[in-house]
Structure formats: C-alpha cells, structure tokens
Number of protein chains: 4
Amino acid sequence: VNRGLRNEIERVIAAIAPQVVGDRRDFHRFAEVGWTEFRTASLVARRLTDLGLEVLAGRDACCEASRLGLPDEEVLEKHWFRAVQQGGDTQYLESMRGGFTGVIGRLGCGKPTIGLRFDMDALDLEESRSADHRPTQEGFASVNRQACHACGHDGHTAIGLGVARVLSGVGDALSGTVKFIFQPAEEGVRGARSIVEAGHLDDVDYLIGHHLITGWALGEVAPGMGGYAATRKFDVVFTGQAAHAGGAPEGGKNALLAAATAALHLHALPRHHDGFTRVNVGRLDAGTGRNVIPDRALLVCEVRGETTDLCESMYARAAHVVASAASLYGCSAALCPMGQAGTASSDTELADRARKTASDLGDGFRFYDVDRMGGSEDFTEMMARVQSRGGLATCIGIGADLHGIRKEDADRSRALPAHGDRFDFDERALFFAVRLLSCLSADLACPDFLPPTRD
Amino acid sequence: VNRGLRNEIERVIAAIAPQVVGDRRDFHRFAEVGWTEFRTASLVARRLTDLGLEVLAGRDACCEASRLGLPDEEVLEKHWFRAVQQGGDTQYLESMRGGFTGVIGRLGCGKPTIGLRFDMDALDLEESRSADHRPTQEGFASVNRQACHACGHDGHTAIGLGVARVLSGVGDALSGTVKFIFQPAEEGVRGARSIVEAGHLDDVDYLIGHHLITGWALGEVAPGMGGYAATRKFDVVFTGQAAHAGGAPEGGKNALLAAATAALHLHALPRHHDGFTRVNVGRLDAGTGRNVIPDRALLVCEVRGETTDLCESMYARAAHVVASAASLYGCSAALCPMGQAGTASSDTELADRARKTASDLGDGFRFYDVDRMGGSEDFTEMMARVQSRGGLATCIGIGADLHGIRKEDADRSRALPAHGDRFDFDERALFFAVRLLSCLSADLACPDFLPPTRD
Amino acid sequence: VNRGLRNEIERVIAAIAPQVVGDRRDFHRFAEVGWTEFRTASLVARRLTDLGLEVLAGRDACCEASRLGLPDEEVLEKHWFRAVQQGGDTQYLESMRGGFTGVIGRLGCGKPTIGLRFDMDALDLEESRSADHRPTQEGFASVNRQACHACGHDGHTAIGLGVARVLSGVGDALSGTVKFIFQPAEEGVRGARSIVEAGHLDDVDYLIGHHLITGWALGEVAPGMGGYAATRKFDVVFTGQAAHAGGAPEGGKNALLAAATAALHLHALPRHHDGFTRVNVGRLDAGTGRNVIPDRALLVCEVRGETTDLCESMYARAAHVVASAASLYGCSAALCPMGQAGTASSDTELADRARKTASDLGDGFRFYDVDRMGGSEDFTEMMARVQSRGGLATCIGIGADLHGIRKEDADRSRALPAHGDRFDFDERALFFAVRLLSCLSADLACPDFLPPTRD
Amino acid sequence: VNRGLRNEIERVIAAIAPQVVGDRRDFHRFAEVGWTEFRTASLVARRLTDLGLEVLAGRDACCEASRLGLPDEEVLEKHWFRAVQQGGDTQYLESMRGGFTGVIGRLGCGKPTIGLRFDMDALDLEESRSADHRPTQEGFASVNRQACHACGHDGHTAIGLGVARVLSGVGDALSGTVKFIFQPAEEGVRGARSIVEAGHLDDVDYLIGHHLITGWALGEVAPGMGGYAATRKFDVVFTGQAAHAGGAPEGGKNALLAAATAALHLHALPRHHDGFTRVNVGRLDAGTGRNVIPDRALLVCEVRGETTDLCESMYARAAHVVASAASLYGCSAALCPMGQAGTASSDTELADRARKTASDLGDGFRFYDVDRMGGSEDFTEMMARVQSRGGLATCIGIGADLHGIRKEDADRSRALPAHGDRFDFDERALFFAVRLLSCLSADLACPDFLPPTRD
C-alpha cells in the first residue's frame, strides 16, 4: 500500500482510539447472547450508516430459515425489550425483532471485494463480580444476567467499527469494496450459516476473519489459522406416553429410557479410520413426577470430526441412533439442528499477505503457523463459501493476553481461560487489529495485488 | 355407646358444622405442600390448645432424623415466611420452623388410647382457575402457587378439628384417651415415619385412619381397607468429573451416562416369583453445556412391592444397581431416601366395629371390602407399629363424590381424578366422617369394648 | 361304567402289564428328542396298526407349516438314520422322515369322541451313568447321546400303548370313539400346534391329557390341573456387516451390540398391571474373531404371561424391541418362533368325572386341586381348541414318586427333580394310569354320560 | 563387509536354495497354529543343532508364566500327538510338550550380538482347496484342519533356517554372535513376551525382524518399518447364578446381561485427545437353555492405541468397565490377558545400514519409508526390550507379491490379502531375504561398524 495511504490510516487511528475502547466497554457492559444482540447490532448499524456505509440489517442480513439454535420467541422478545430500554437504536431495532441480528455494511463499490467478519455475541454465563476483575473495577462489567463477553467478541465488534471509521475516514483513497460483516451467534456455531445463505459471501474475493487470543502475548500473530474441527450441534426431543408407574406400568412409552438409550449408543458410535471424531451428550432432561412414566425427554448433543465428511458421517449416524432408540420405546424423536461448522484452511497466499502487512506495521511481532486449532468456529462456513467460488480466505489470530504470557511459555494454569467468568484482554490488541485489518484491506484493494481467478 | 352420649355428639356436630366447612375451605385456600404445612399445622395446634387438649408440636411431634423427602432449607424458609404472612399462629410457628409440621393432641388420660390420624399436606400442582371449578367460584381456590389440595387432605384436617371439637364438647362423658395425630407430608409417603419414630404410636390401642374417596358416592364406606403396595421413594445424585468434550474427551467422568445406565438397569431388575414388583425412574436431569462432559446427574426413583419384603428386596437391588452404574463411569452416587411405606392390612375386628358404628348412624350406607388398594399410603407405617405392639388398626374409606357416582357404576372418564387440578369433593362427607370418627372413638373408649391384649 | 366292562378291563391290564413296563424301558433306552422321535413314533404306529386301530402318521398327523422349533435338516437326517439302525419300523419311518413324528390312532367310530394325548419326546441332556441310578443298574439307560427321558414321556407313551391294548382288547363292548394322539416335541412347547392345525382335535368331545409327577407320591392325583403360564419361545438371528476392528472400525454393522442391546431392553420390558409376565434371554452367541466386528448374533428367548393375552402382548413388544435394537446398529433381525403354548383350565365337569372314576378304582387315592401350575405345557393348545368348539378338556396329574414322598411333605432337596439327569419314577404309576384312562374312556363313551352341546 | 565373505555367502546360498523352498513347503503343509508349533519348532531345533549351533528349546526358550493366549491343555496334547505322527523331532518334542515352542539358536560367541527373529505359527483357518491355488496344485497345501500359513510365517521360518545354513557355512569368517530367535504364536501377539521375559533379548546389540509382504512387488523393501499400533488382547469370563427364568426370575445372577452391558460400555469408552484408540468385542457367548437365567458368559476383546500409553489406558479402563458391569448383575468377572504388543519404531541408524546392505546386493530394489503400519506385531515387544537397553532394532518389510503388483499401483481388490484362505507368495523373496539377512548380519558383525553404546 502506498505510504501516503498508510500514514493517513495511522492518523485516523490515533484520532479514534478512545472510541474503539469506548465501544468495546459499552458492548461489554451490555453483553447480549446469540440471536439477542439487538442493542449491539442496532448500534453497529446506526454507526455504519452514520459513517456513510450502505447498511443491510434484519431480514436483509440474515436468511430466516438458516438461523440455527434460535432461542424461544419469548426469550427473543424479552431481550428485545431489554435492548429498547438499554439504548438500542430504535430505527434498526424494529427490523431485528425476532432474532435478525446480523449487519452488513458496504464501503466503496469497486473491485476487488474484501470481506471482513466480526462476531458480536456474548456467552451464556454470569460475569465475575470479584473486586480484582478489571471490568468490575472500571465499571464496565456486564449488567445483563447470564450474559458475559468472555470470548472477546466485544473487542471484535469494536475493532469492526474501528476499521469502518478508519477506512471511511481515508475516503476516496481506497479502491475496491470493503464489506463489513457483523455476525450474530458465533457461540454454538449458529449464526454464520444465515449470513452465508443470504448470499453475502458470494461476491467476496478476499475474506478475512480474526480472533483475539488471550492465551498469546500481545504481538503474537498467526496470520492463517486452520485445522478447525467440523461440528454439528443438535437437540433431540423424545415424546412418549405418560402412565402411572404403579397402576399401569405397561401403559407408558418411556421417553426417559429412550433418551438414556440414545445417549449410551451415541457414545458407542464407532471410531473412524480416517481421522478423529467426537460425540457428546451434554444434557439429558427427562420426566416429571417420581411415579409417572416419563413422556418427554431432551438431549443436547454435538458431534465433531477432523474433516467435514467425518463430521457429517457422525451426524448421520447419530440421527439414526436417535430414531432407533426412540423406536425401541415406542416414542417419537424430533432432531433439531442447533449449530454447524465445517473444517477450513486459510489460504497460504492470503495469509502470507497478512503476515507481510503485519511486518510492515513495525517490529516486535512474532508469527506462528497454527494448523491444528481443534476447536470449532463457524467462520469456516464463510471461508468455505468464498473458497468454493474461487476467492481466498484467512483467519488471523491476534495475541491479547493481559499478562503478556508468551505462547511458548503459556502456563495453562495461569492463563485466563476463554469462556471463564473472569475473562479480560489487553485492549492494546484492539489498536493493532484495527491497524492490521485497515492496512490489509487497503493493500488488497490496490491494483497491484491481483485478485484470484474465479471459476 | 350409650344413647345419651351419642345424642350429645349429634348436638355438638350440628353446632359446629359451619366451622368444619369453614376450616376445610380455609386450609384449601392456603394450601401447603409436604413439610411446609406451617400455617395449617400452627392453626391446628392453636385450636386444639384452645379446645383444652394437651398439644405437642415441632420437634416434640416429629423425629428430626426420620423426616423423609424434606425440601431444601431455602424452600422451607420461604414457605415459613409465607405462613407468617398468611396468618399462621405465631406461637406455634416458631417451633415448626425448619420443617417440623406435625401436631399431636391428647384428650383425656384413661385407657384405652384411641389414635386418630389426619394428614394435612397439599399436592405440588397449580389449581385450576376454570370458572366452573367450585373452589374458584366460591372463592376458596388455592392462593399459593404450585400447591393445591387435590387429594382431600384439607377435608381430613377439618374433620380432625371437628372430631376434637365434638369430643372435647362432650366432656367427661368420654372414658379413655383420644390422641389426635396430624401428620405432615403424606404425599410421597414421607411424613408418617417421623411421627412413628417419635414414639407417638407406641401407646395406641386402636388406630383409625380414613380417606375421603371421590371415586365413590356419598354413603359408600369401606371400613377396613388393605392391600396397599409397599414402596420406597429415593433420589440419586451422581457426581463425576467435567471435561471439554472436544478437547479432552478422555478426561471426564460422565455422570449422565452413569445415570442413564442406572435407569436402564433399574428397569431391567428381574420380576419376582413371590408377587408383583414395580420400579420407575420418574426423572433424570443431567449435565450443563452441550460441549461439556456432564459431571452431575439426578435420578428421581421409586420401587414398589406387593409385600414389604418384596419392596425392600427391590430397594436393595436398586441401591446395588445405582452403585455399580456409577462405578462403570468412575462416578460416585449418593442415594437419598425420600419416602417409605409398607403394606398393612386393617384388622377385621376393628373394621367390623367401625362398620357397626356406621350402621348405627342411620340407613343408606353401603359397605365394601377393599383389600387390594394397589396404591401406597404411609398410614401403613403407623398401622404396622400399632399392630406390632398388639394394638388394632384400620383405615376407613369414605365416599365423597361430588357427582354421586356409585362405586359399581364408576365411569373412569367422568370421575374427578384424585390428584387432578380440578379436584373437589362433596362436603357432606365431612359431617359423616366427623360423626363416624366421634362415635367410633366413644364406642371404643367404652368399658364394654375390650381392648386387645398387649404382648 | 358297567361292572362287566370294568372287570374285563382289569383282566386285560393284568395280562399286558409286562408289556407296559417293557415299552417304557424300551422307549427310555432309545430316547429321542423333539421332532426326532422316529423310532418311538414308528413303533407306536406299528403297534396301534397291529391292534387294529386306524392309524395316521407322517404328514397326515402333523401340519407341516405349524411345526415349531424344528431342528436343522442335517440333524433330522442323522437321527432318522439312527432310528433305522435302532429298529424303528421301516414302513412308518419313511413317512416320518424330515420331522413328521406325530401318530394318531382311532378306535371305534361312534359318538362321542374321546381324545387321549400322550407326548413322546425326551430331553436334550445326557443321562446319568451313576451306579445307583436304576436305569443304569437295570440296563435301560439311554444309549443315545444328549437324549434322556427325564420328564416321564417314555411312561406317557407306554401308557398310551397300554390303553390302546386294553380298549382294543375289550372289543365291541365300547361305544363311542377313542382317538389316541401321540404328540412329538412337547419340550419347548413345540409340537402340539402341528397336531391341532392338522384338525385332529376338531371332532373331539372329551379331551384328556395326563402327566406323571415325580414330586407327588403314588396315589396322589390332581384330576383337573390348570393355571399354566402362557409362553412363546423364539430365536432371533441378527445379521450385520463384518469389518476389521482396527483398520475400519466405522465399516462394520455390529450384530453383537445389536443383540446385546436387544437382550438388555427385553429384560427392561415393563411389568403389567393385569398379571405376571416373564422374559428371558437364555443364550446369546455372537461374533467370530477377536479383531473382527461381529456380523452375526443369535438370541434364544422366551416370554411368558399369566394369561395368553399377557403373553402375546409381551411377544409383540419383544418383536418390536428386537427390530429396533437391530436398527440401532444397522443390522437386520430375523425372529423365528420356536414354541408356543397358551393358558388353559381343565373343565370342572370333566375333572369331576375323572375324580369319580379314580375313586371307583379303589381306596388310597388322595385328590388335589391344582390351579396354579406356573410352568408351561403345550397340551393347553389342544385344550383350547376343544373348548373353543364346545368340548370338555382336562389334564390329570398322577403321582409317581419313587420314594413315596407325599405332596404335603415334599422336601425339595430330596425329590428327584423333573429334568434332572437322574430322573426316574415309580413304574406302578403306569398301571394306575392305564387303568384310569381306560375306565374313564369307557365311562365317557357310555350313553348315560351326556356329551356337551356343541355351538 | 569384505568382498570375500560376500562371495562366500552367495556361493552357499546357491547351494541351499532348494532346501529353503523345501523347508517352506514342508512347514506350509504341516501348518501349526500358535503354541502348537511342535513339529515345526522341533525340526527347527534339530536342524540348528545339526548345523552346529548351540540350541535352547522348551522351557529354556520360553518363560512359562509369560506365555499369553495359551490353548487348553487338551488342545495342546492333541496337537502334540499330531506332531509326533507327522514326523516332529522326538528328541526336542518332549521338551516342548505343553506349549513351549520357542527355539533359540546361537552361532559364534564374539561381540556384537545380532538377533534375528523368525515367527513360526499359522493361522486358525482352513486353506482353500481350489484347483487354481498353487499350494493345492503343487501338493503342499495344509493337511491340518483349521491351520493355514496365510501370513507367510512358513517363509519366515524357512528363511531363518536358510540364514543359519549360510552363516554356519561361511564358518570362521564371521566375527560376533548371531542369535536366531524362532518365536511361537505371533498371531494374536501372544508369543514374543515369553521370549523376552526369558531374557533372550537382553544381550542383543542389533535386533532385526522382517516380514514378507504380499501387497508389495518383489524388490520393494522397507528397511525400517514403524508405527505399529499397541494392543492388548483379553478374554473375560463372567460367572453368575443360574435360576429358572419362569419359576424364580429373581433368583439368578445374569451373566449374559453382565457381559452384554460390558460389551456396550466397552464400545462407549471415550475417545482420547492424544491419538487414536480402538476397542472391539469380537465374540460374546453366553447362556445354556432358553428358560435358564445364564450363569456364564465369555467376552473376547481387544483394545489398541496409537501409543503404548494410550493402549494401556484403554486396557485399564476396559478392566474397570468389565468389573463394574459384572457387579451390576451380582456376577464375578475374570479377565485373562491373551496377547500384548506395544508401539515401536525402527532405529534409523540400523535401518539405513539395512538399506545400504540391500543396495549392495544389486540393482532393482525400491525402498520405502513406512512409519504408519497401523496393525499390531509383537516383534515390538522385542524391539522395546533391546532399545531400552541401548541396542538398535529394525523391522524390514520385504515385497513378495506373486503377481508383481507394485506398492504404488496396488489394486486392493486384486491383491491376495494376508490372512485369506488363498494366500501365497513369490518364493523368490525367500532368497532375497536369506541373502539380505545373511549379509546384514555379516556387516554388523564387522569390527568397522561400531556397536551402540550401552547405558
């Protein structure tokens, strides 16, 4: 990227730095879990609009039928009203009602198209109130019950707004199009699919995701992460027939035993020669009264695979086990998909570009190759779509450890675990991320970087 | 019994009739479930005291260690405060705090000792608010959430107070002692044991229980019911070890699978040559998150047997299954007794006496022999104690159907089921019960009826 | 029956007594298990023919499609050749080849028709060679491997021939028809159905079965036994897919696990409110090599019920469990009926007649009512057919204990158990049985005993 | 190695070639399965002795207590007598009676010590009698039932004798010691341990194993194979209590259900984060009669792991599952180890030497690196012992495909599978193996190749 543009970027970043931290803390304070990010998403939409971007929200952002793991209508409504009370943007809130909390912002209209993805949802846990927890000390701990930004998505959202501020601030200097994708419900890998199915990835040439990582020190960067496990999340509801356990033991259809049987045989699904697989039944809730044959049971499950094929094979087998176990007790079983992500690898070409951009930002960075993430991430759904159409994609890991622990020295017992109630990160990582994503977008949009050939 | 005494009894009954109905409706309105009958029991104790009886309550009535299926401390406290607010007797409330809701009242001091048992607890369900439900129409439907007198214990308690009023009203005419036993937590067969273990049955010569039965028409009476199934109620908590299901599947100790295994093998406990047995796992709740190996599970269970021996054999086997299933997954299992009742038969001699007394009360009664109740009732625990010490016991069924359905013609689909949310009964049965129990007590206390020989 | 006829009967019995014992010992020595009674049945047919009876054998006696629990063709052939070598009647052997080992003999042609049933098969066990076992001592222990008359059917067969000798010996004195039914494969309740379905019970007015009982002393008689448990015997073959357990664990369809699952859930079939039920998986054989996923499994099962309805309900549920368990592992399951018997009660009218006949035979008999046999017996299939068409049926228990143990005093530990390898009985019971059945047949055939009205 | 020695070796090989093929076909014809290689081993011992080697056999070769998966005494005896009849060497047969079928031959007495291992056992299957099966055509198909050399061990044994002939033929030219280890019972990984525990590997500096591989063309060689899966083979016998399933269902302790439960939960053993694992229950045989509660059950099992630790972890968990499942049904369980092998890697230094030796033998060899064998092989037990004491070990794969299929082109459907009943190999591989092992031994024994330093 030319030096002039980069200087301009640096200038804007310096100006907006307080806003980035302010955004992060605001989103942190009003944490919202997946599909209920009404306040967050409406404010994102408002700000992108104010910055001059073309904004799509609500049903225009999310394909209704492809939203996975949606909460009950009642829960959605309750949280929507909460967002109204907590200062959500009333104009956009209306379109998001019912769980349409994605936002797409478009800046520019040339080629190539660079997609940047930011996830916005919090986790379903109670934030620590401990006096030595910085969000508590500094007054931005979550005020919402069972909602806590313990995975850094508050930062991701703030970074997204930051990049939008920077790139809209540098104005006409930018060729190409930058598409800002604010995604709901990444936790439980539920939200990406609805964005993908709405077609928002179909014209993206370069797709860039990122994740703040508290297990790595500030300055540690993995420009092209890969090796995510494919996963399917699903619930099963078994319906049988109640009967008095003493008076008519033969009269019932025992949904508890059907579910228990399913759980056992799900765990007995065979290993696979082609790679690792996983299965878990995380919850089983069945029955009502002690003397009543249970007529209802819920299983909360997931399967994983080293490849998407392995995962899909496990899912198909799991569905078969569930149906047969239900049949064993004369029950019916309804399987409900709750989340889905495949495997994906970052494209080396794009990762190398990100590495180069980062190197140009100054000294002091350490780069890593990370091709065995193990966990799951639904950004893979977006990557796969872009890659299937000839585009390039990468996912960048950005160290943000508050204690400066180096990746190599990571002492598991000391690191603040992602998903813990005392999660926090080093906010300096926000600025690095804004800078990197802004410069990388600018670089990619330059005519001298050739876009990949479409099929 | 001499005619003078009987006339006197009838006179008092006529005078107190409105109080009996009033009591029943008051208890109905402020329904309280097992071990939280704070308001009910305190008012019972107050009134018995006011009638001149010697009263034991709180820890004097209930053996602390023998209380089965006690709710959590928090629940007990919440309901205790509710009782304070709803007009419980403050003097007695204090002694009952923490779940000591039995009341023993003693009238007279001669021999023999006649024990009358009344159960006071409501069921854990929401009463119907339907406009054609009489308690709603007439303003005495339960105001307490998840508490409803759908088994007639409101009537039983009112009958107990009625008999106390009558017998204290006839004064010195009565020889012998009448012991009024107001029992908590009959539902789930949890409360009798604590009264028995406190020793209150040890000096009883004649023990009389009764139950209003809505499946039988008014005037239908079974003077000596028997054939109750023995039962044991118990909960099991499995404790394992959580682990991330994707990252460390080998690290967990799966309490969900341990509980599921236990459930299956409990249901596979073999049948018994000596008579019928039953087993049920009414609830299984296990696990937390979808991707976490569950470290905790709860089973809510019961076993039954045609005899106490069969039931105890099932219970011992169930305990073994639970322990082995826990071991299979490296978990621990804690089994908690939640209720217990044995089999018992009414003594023919005493039942015949009850039949004769009922016959003397007038025409229009139809008597039945009922020796296969099938269900369970913890009055059997009291009967067994009295019988083991040489006393006689009987349990009297009293028809109270609101629609006058005859036992023979009972159309199951029309009858108001016990334990349903629209349960109600014919209040005229209250007067019959007060009259029968008063006269029978008087009869038994007469010198011309010989007490049984003690061992 | 008139005295002349009875005297004649007694005379003939005295003459044939050695033949009865001889027959019994011959059948005992050449014991043959169910559906392979080639030698026994062919000799029975030969002797009945020689006595002048009209004889049906082979496919005329047994309905081919209704033969349950038939051995493999190879086994049938092997035992057929053995029968040839051991002196079976060559004329009849030919018709019986392939497992058609029933024999029907008809004596007389008038009305009413009296059916007498005798079962011929031995048990699948090795007879004791102990020196103090009488059959060994006296040289009539079984020479056939895994075939031993340990249930007295050798005696039953000899009794049948004895009665045929007696009644054919008294000649024209007998009015009515006596039908001798020699049944194969009573063990495992497999053979009666094929006789019933061939129509041989359809014209029977009075049906009489009997069983020698070693648990009762000589002289103890139950003229009308009842309360047999209904039962269904069945095998299940599961077929899956083999795969190398190390190299392709996902490639198999595990028939062993399907069968194991079926076994567990069969045992977990719920108890029934209407009466006792039973279920057992007596054998499970699955798999081949240690490192191969098993592609085949066999279950050997039975269910029982206090009534035929309960038994059929268990059978239907068992079939459902088997199919669902197979499905759970992607296997197929083939269920093969191997035996069947219902409940039946002896008709009091006919039992009373038998009692009277027995009483007339002399003093020293003790009569018992036995209405809870508990075990199963496929004579019930014949009884049900006769009763369903308006006839009367009874099953007579005849004490035959070698040690003279009285029923009341029966010391379980001393009695020679039926089905044990040292089984033997008091041969004097044979004469009593021949006398009783001959006289009872004669009595029933008399014009002065009115036959029941057909529908 | 010096050219003179090599020429000498080639000369001897040319002379003994017919004997090598003759030996192979003789051992093939009289195939003997694991622990019954009486004829084979006695002839091996005889010939080594005749060649002048110092020979250990019987209990001197095998540690009695460490023999895994030994057949029943009766089977051992039967096969021992067969070996007598089939021309086994009577002198050595005596010492081998009872299953001591290892042979150790020592040639020379200097340093270093080179160990060569040869396995001798056949597989438990029936050889094909097809007319186009070469062993049938040429008259050396197995004459023993259920014993077939379908894994090439006949060749391995012949190679061992060939190398002994060669090296004893070159006489004093050889410095160092060559130890010939003829091992029983490699199939099922049962025999190596008894050789190791007898101490025969403790003084070995270089250990060389080899395997003919029919999936590779002649000339294809892997000089250092690795990546074997660790495995444990074990049987479990469950013992319960029989009872009549109809008359006393509560009286039994159901070994069938215990075994079925164990099978299910063994397959539900969790996957492991550290690498692949496997588990299989290859057979389950339980019960006797249809109406008897089974009192005995057998499970035939194996577990595997990518590492020895993973395998041992699975084994420990399996033992726990088995014990708990037995407890669930009140049964006892006896676990019997039947085979064991760990993981091991060939030492690169030694493999490289083997590669060089092979290269020197002429052109036309293709070399492969094979570090993911996947299957199991108990030579690993010997390798581990040698490596743990500072020695070097390698396992050499030698292509022997009869059809000349190249490894790269291997068409799975055409290749003759190891362990199939039509297995055969290209006998020219025998000569290559004799030549390679002879020269490699000579090379290693040279003073110019430094032995590894012992700890």
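Residues numbered from 1 in each chain as written. Chains lettered and ligands numbered in written order. Predicted model: local features only at pLDDT ≥ 70, side-chain atom pairs only at ≥ 80, totals over all residues. Heavy atoms only, no water.

### Regarding the overall build of chain A
Counting its regular elements, chain A contains 12 helices and 12 strands. Relative to its length of 455 residues, chain A is compact, with a C-alpha radius of gyration of 23 Å against a globular reference of 23 Å. If you line up chain A on its principal axes, its C-alpha atoms span 85 × 50 × 45 Å. Across the 455 residues in chain A, those meeting the buried criterion constitute 62%. (Helix = DSSP H or I, 4+ residues; strand = E, 2+ residues; numbered from the N terminus. Rg over C-alpha atoms; globule rule 2.2 N^0.38 Å. Buried < 20%, exposed > 50% of the residue type's maximum accessible area, 1.4 Å probe, protein only.)

### Observations concerning the sheet that holds strand β8 (residues 277-287) of chain D
As summarised here, the arrangement of the eight strands in space is β10(C)-β7(C)-β9(C)-β8(C)-β8(D)-β9(D)-β7(D)-β10(D), forming an open sheet in which the pairing is antiparallel. If you trace the sheet from one side to the other, it starts and ends with β10 (332-341) of chain C together with β10 (332-341) of chain D, each paired once. Taking each pair of neighbouring strands and ignoring which way they run, the sheet shows an average axis angle of 20 degrees. Examined bridge by bridge, strand β7 (residues 230-239) of chain D and strand β9 (residues 296-305) of chain D share 10 bridges and lie antiparallel to one another. Paired with D:Val237 across the strands is D:Leu298, a residue of β9(D). (Pairing = 2+ DSSP bridges. Axes fitted to C-alpha atoms, helices over the stretch in contact; angles between N-to-C directions.)

### Thoughts on the nonpolar core
Membership of the largest hydrophobic core comes to 138 residues, with the highest contact counts inside it found for A:Phe238, B:Phe238, C:Phe238 and D:Phe238. Every residue in contact with D:Phe238, bar those within four places of it in the chain, is listed here: D:Ala255, D:Ala258, D:Ala259, D:Ala262, D:Asp295, D:Arg296, D:Ala297, D:Leu299, D:Val322, D:Ala326, D:Ser332 and D:Ala333. (Core = buried A, V, L, I, M, F, W, Y, C linked by side-chain atoms within 4.5 Å. Contact = heavy atoms within 4.5 Å.)

### Thoughts on the interface of chain A and chain B
Accessible area lost upon the coming together of the parts is a frequently used measure of interface size. Residue-level contacts link 37 residues of chain A with 37 residues of chain B. Both sides of the chain A and chain B interface together cover about 2,700 Å² of buried area, and 56% of this is carbon and sulfur. Of all residues in chain A, the largest losses of buried area upon contact with chain B belong to A:Leu264, A:Leu284 and A:Arg290, amounting jointly to 26% of the total for that side. Viewed at the interface, chain B and chain A are joined by two salt bridges. At the surface where chain A touches chain B, the tally comes to 16 residue pairs in polar contact (both at pLDDT 80 or more). Elements supplying a minimum of two residues to the side of chain A that touches chain B: β7 (230-239), α8 (255-267), β8 (277-287) and β9 (296-305) of chain A. In terms of residue count, β8(A) provides more of the side of chain A that touches chain B than any other element does, nine residues in total. (Buried area = accessible area lost by both parts, 1.4 Å probe. Salt bridge = Lys/Arg side-chain N within 4 Å of Asp/Glu carboxyl O. Polar contact = N/O pair within 3.5 Å; in protein donor to acceptor, adjacent residues only side chain to side chain.)

### Some thoughts on the relation of the copies chain A and chain B
Once turned by 180 degrees and shifted 0.0 Å along the axis, chain A lies on chain B with an RMSD of 0.0 Å. These values place the two chain copies in the arrangement generated by a two-fold rotation axis. A symmetric contact is evident, with 100% of the interface residues of chain A recurring at the interface of chain B. (Least-squares fit on C-alpha atoms with pLDDT ≥ 70 in both.)

### Thoughts on the interface of chain D and chain C
Between chain D and chain C, the residue contacts involve 37 residues of the former and 37 residues of the latter. The interface formed by chain D and chain C holds 16 residue pairs in polar contact (both at pLDDT 80 or more) in total. Secondary structure elements with two or more residues in the side of chain D that touches chain C: β7, α8 (255-267), β8 and β9 of chain D. At nine residues, the largest contribution of residues to the side of chain D that touches chain C is made by β8(D). Its residues assigned to classes, the side of chain D that touches chain C comprises 18 nonpolar, 11 polar and eight charged. Alignment of strand β8 (residues 277-287) of chain C against β8(D), held across five bridges, turns out to be antiparallel. When the bridges of β8(D) are listed, C:Gly287 appears paired with D:Arg283. (Nonpolar A, V, L, I, M, F, W, Y, C, P; charged D, E, K, R; others polar.)

### Some points on helix α11 (residues 379-388) of chain B
All names here are of chain B. Of all the residues in α11, the buried ones are Phe 379, Thr 380, Glu 381, Met 382, Met 383 and Val 386. Against the buried residues of α11 lie β3 (113-119), β4 (177-183), α7 (192-197), β5 (206-213), β10 (332-341) and β12 (392-399). One or two steps after α11, the chain reaches Gly 390, where phi turns positive at roughly 95 degrees.

### What about the relation of the copies chain D and chain C?
Overlay of chain D on chain C (RMSD 0.1 Å): rotation 180 degrees, translation along the axis 0.0 Å. A share of 100% of the interface residues of chain D reappears at the interface of chain C, consistent with the copies meeting face to face through the same patch.

Scope: geometric values only; no functional claims are made or implied.
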